[in-house]
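Descriptive structure summary
This is what each chain is made of:
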Amino acid sequence: REIYRILKSNGIFIFTAHDRDNPKYKEIWDIEKKKWNEGTQDKNLFDYGDRLIKLDDNSVLFAHYSSVNEIKELITNNNFKLIENKLRSEICNEPERVTNWSKEDTMFYVVKK
């Protein structure tokens with residue numbers, strides 16, 4: 001809502017989000033869905049799609065993995081028009097050092113006010 005409020009009329013907003021729909025991670029999310037349905041999920045998480053990721057330095061990163069439909073609903077509910085969405089791997093060929101650092105493909109969204 002805040003982005004919509006401050007964006008000029010017909011303004012474009014581009015953002016990325018983790019992609020829970022990626023078939024590469026289907027098994028992981030199927031297991032998580034089962035845990036949430038049974039109430040056995042990690043109680044430190046707020047919603048299905050949340051993850052706590054332990055980093056190499058033993059710190060923990062919180063991330064939410066959205067489905068494409070979840071993001072599209074947020075876009076629509078906040079009066080934006082979806083222009084396009086594509087996976088990072090579909091729009092660029094990144095060097096190996098980048099893909100080694102950022103192993104997960106993210107979804108880019110382009111929306112218009």
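Being a predicted model, the structure only gives us computed values, none of them experimental.

**Focus on the overall build of the protein**
Scanning the protein for helices and strands turns up 5 helices and 5 strands. Each helix and strand of the protein, placed in order from N terminus to C terminus, yields the pattern α-β-α-β-β-α-β-α-α-β. Expressed as lengths along the three principal axes of its C-alpha atoms, the size of the protein is roughly 45 × 35 × 25 Å. Here the protein holds 113 residues, and the buried ones make up 28% of them.

**Topic: the nonpolar core**
Counting residues in each nonpolar core, the largest one holds 11 residues, listed as Leu 7, Phe 15, Ala 17, Val 68, Ile 71, Ile 75, Phe 80, Leu 87, Met 107, Tyr 109 and Val 111. Contributions of two or more residues to this core are made by strand E1 (12–19), helix H3 (68–77) and strand E5 (106–112). Filtering out sequence-adjacent residues up to four positions away, Val 68 remains in contact with Asp 19, Asp 21, Asn 85, Met 107 and Tyr 109.

**Things to note about the confidence of the model for the protein**
Summing up the model confidence of the protein, the mean pLDDT is 91 and the portion of residues at 70 or higher is 100%. Put simply, helix H5 (residues 96–101) is where the protein has its lowest mean pLDDT, 78, and strand E4 (residues 81–87) is where it has its highest, 96.

**Let's talk about the packing of aromatic side chains**
The full count for this structure, using the stated rule, is 6 aromatic pairs. An angle of 20° between the planes, with centres 5.2 Å apart, marks the rings of Phe 13 and Phe 15 as stacked. An angle of 50° between the planes, with centres 5.5 Å apart, marks the rings of Trp 29 and Tyr 65 as tilted. One end of the pair, Trp 29, is in helix H2 (residues 26–38); the other, Tyr 65, is in strand E3 (residues 60–66), and 36 residues separate them in sequence. Across this residue pair, the class does not change: Trp 29 and Tyr 65 are buried. Positioned over the ring face of Tyr 48 is Lys 33, at 4.5 Å from the centre of the ring. When the ring centre of Tyr 4 is taken as origin, the NZ or CZ atom of Lys 113, which lies over that ring, is 4.7 Å away.

**Here's the deal with H3**
Val 68, Ile 71 and Ile 75 are the residues of H3 that are buried. For H3, the angular spread of buried residues about the axis comes to 70°, placing them on one side. Facing away from the buried surface of H3 by more than 90 degrees, the exposed residues are Asn 69, Glu 73, Thr 76 and Asn 77. As for H3, its buried residues are in contact with E1, E3, E4 and E5. Looking one or two residues beyond H3, the residue adopting positive phi is Asn 79, at roughly 70°.

**Focus on unusual backbone geometry**
With phi around 65°, Asn 10 is a residue other than glycine that occupies positive phi space. Of note, the phi angle at Asn 58 is positive, near 70°, even though the residue is not glycine. Turning to its location among the elements, Asn 58 is positioned in the loop between strand E2 (50–54) and E3.

**Some remarks on the sheet that holds E4**
Read from one edge of the open sheet, 5 strands run E2-E3-E1-E5-E4, paired in mixed fashion. Pairing within the sheet leaves two strands with one partner each, and these edge strands are E2 and E4. Shown here is a sheet whose adjacent strand axes are inclined to one another by a mean of 35°, direction ignored. Note that E1 and E3 share 2 bridges and pair parallel.

Criteria and cut-off values
- Residues numbered from 1 in each chain as written.
- Predicted model: local features only at pLDDT ≥ 70, side-chain atom pairs only at ≥ 80, totals over all residues.
- Heavy atoms only, no water.
- Helix = DSSP H or I, 4+ residues; strand = E, 2+ residues; numbered from the N terminus.
- Buried < 20%, exposed > 50% of the residue type's maximum accessible area, 1.4 Å probe, protein only.
- Core = buried A, V, L, I, M, F, W, Y, C linked by side-chain atoms within 4.5 Å.
- Contact = heavy atoms within 4.5 Å.
- pLDDT = per-residue confidence, 0-100.
- Phe/Tyr/Trp six-rings, centres within 6.5 Å; stacked < 30°, edge-to-face > 60°.
- Lys NZ or Arg CZ within 6 Å of the ring centre and 35° of its normal.
- Arc of directions from axis to C-beta.
- Pairing = 2+ DSSP bridges.
- Axes fitted to C-alpha atoms, helices over the stretch in contact; angles between N-to-C directions.

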